[in-house]
Amino acid sequence: MKKLELILIAGAIIGILMAQLNLPAHSVISSLFFLALATIYLYLGFALFNDIPFRKIFKSESYKGLETWRIAVAVGTGLGLSQLTMGFAFALNNYPMTRALLNSGLVVTALMLLIALVRNTKEKHRFYRIIALRCAIFIIVGIITILVFEQHGQTA
């Protein structure tokens, strides 16, 4: 699923570049890739962040050794990143409710970043470092998105 995530991120970046160049159909392309990425984060984030292959999602042995904290942090991170991803799509296409999606996504993602950092100091696990890095990157991009589109007066 990591490859699928990278492909969708690359497609979303292409959609953003198309929007900046005012190319036709940029909103369709960017919306498609952002929506697919947000859906994967929301519904399959727990598997994606815990490195569970798609074929093994419904097998109970895939979850052996995963503690409750890891699953909870993965689900919360998926929710926050999904909201931020949809906020990016809304901001790019000048849809209403952009600011609400970005703000709620930033709050949830910042909470997951805080939890991941605290858990990493206790456990020193690679999972929490990756979650913290991913959350930090999305938070930075989210804040930049809010600042850029607020400057242009385009967020609702």
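Please refer to the structure higher up on the page.
Since the structure is predicted, the reported quantities are computational estimates derived from the model, not experimental observations.

**Student:** Please set out the packing of aromatic side chains residue by residue, giving values where relevant.
**Tutor:** Applying the stated criterion to the full structure yields five aromatic pairs. For the pair Tyr41 and Phe49, a centre-to-centre distance of 6.0 Å together with 25 degrees between the ring planes defines the contact as stacked. You can call Tyr41 buried: its relative accessible area is 0%. Sitting over the face of the ring of Phe127, Arg70 holds its NZ or CZ atom 4.6 Å from the ring centroid.

**Student:** Can you lay out the packing of helix 3 (residues 68-92) against helix 5 (residues 126-151) for me, pointing to particular residues and giving the numbers?
**Tutor:** Close contact between helix 3 and helix 5 brings their axes to 10 Å; oriented N to C, the two are set at 20 degrees. Taken together, the axis directions place helix 3 and helix 5 in an arrangement best described as roughly parallel. Helix 3 and helix 5 meet at a crossing whose hand is left-handed. Packed against helix 3, whose contacting residues are Trp69, Arg70, Val73, Ala74, Thr77, Leu81, Leu84, Thr85, Phe88, Ala91 and Leu92, the element helix 5 presents Phe127, Tyr128, Ile131, Arg134, Cys135, Phe138, Val141, Gly142, Thr145 and Phe149 at the interface.

**Student:** I'd like a description of the side chain of His26, backed by residues and values.
**Tutor:** Here His26 shows up in helix 2 (residues 26-49). Excluding anything up to four places from it in sequence, His26 contacts Gly15, Met18, Ala19 and Asn93.

**Student:** An account of the pattern of salt bridges is needed here, citing residue identities and associated values.
**Tutor:** The tally for this structure, following the rule as stated, stands at five salt bridges. Close ionic contact of Glu67 with Arg119 constitutes a salt bridge, the shortest N to O distance being 3.4 Å. Taken together, the residues span a long stretch of sequence, with Glu67 in the loop between helix 2 and helix 3 and Arg119 in helix 4 (residues 98-123) at a distance of 52 residues. For Glu67, a relative accessible area of 29% translates into the label partly exposed. Notably, a salt bridge pairs Arg119 with Glu123, separated by 2.4 Å at the nearest N-O pair. On the criterion of helical spacing, the pair formed by Arg119 and Glu123 is a turn pair, its members being four residues apart in helix 4. Linked through salt bridges whose partners overlap, the residues forming this network are Lys2, Asp51 and Arg126.

**Student:** Pulling in residues and values, what's your account of the environment of Gly105?
**Tutor:** The topology assignment puts Gly105 in helix 4. Separated by 25 residues in sequence, Gly105 and Gly80 have C-alpha atoms that sit 4.7 Å apart.

**Student:** Give a detailed account of the environment of Tyr63, specifying residues and quantitative values.
**Tutor:** By the element assignment, Tyr63 lies in the loop between helix 2 and helix 3. When its relative accessible area of 23% is taken as the criterion, Tyr63 is described as partly exposed. C-alpha of Tyr63 to C-alpha of Ile52: the two residues are eleven residues apart in sequence and 8.3 Å apart in space. Those residues in contact with Tyr63, other than ones at most four positions away along the chain, are Phe46, Ile52 and Ile57.

**Student:** Residue-level account of the environment of Ser31, with values.
**Tutor:** Within the secondary structure layout, Ser31 lies in helix 2. Note: C-alpha distance between Ser31 and Gly76 (45 residues apart in sequence) is 23 Å. With near-sequence residues (within four places) excluded, Ser31 lies in contact with Asn93 and Tyr95.

What counts, and where the lines are drawn
Residues numbered from 1 in each chain as written. Predicted model: local features only at pLDDT ≥ 70, side-chain atom pairs only at ≥ 80, totals over all residues. Heavy atoms only, no water. Phe/Tyr/Trp six-rings, centres within 6.5 Å; stacked < 30°, edge-to-face > 60°. Buried < 20%, exposed > 50% of the residue type's maximum accessible area, 1.4 Å probe, protein only. Lys NZ or Arg CZ within 6 Å of the ring centre and 35° of its normal. Axes fitted to C-alpha atoms, helices over the stretch in contact; angles between N-to-C directions. Helix = DSSP H or I, 4+ residues; strand = E, 2+ residues; numbered from the N terminus. Parallel < 35°, antiparallel > 145°, perpendicular 65-115°, else oblique. Left-handed = near helix turned anticlockwise from the far one by under 90°. Contact = heavy atoms within 4.5 Å. Salt bridge = Lys/Arg side-chain N within 4 Å of Asp/Glu carboxyl O.

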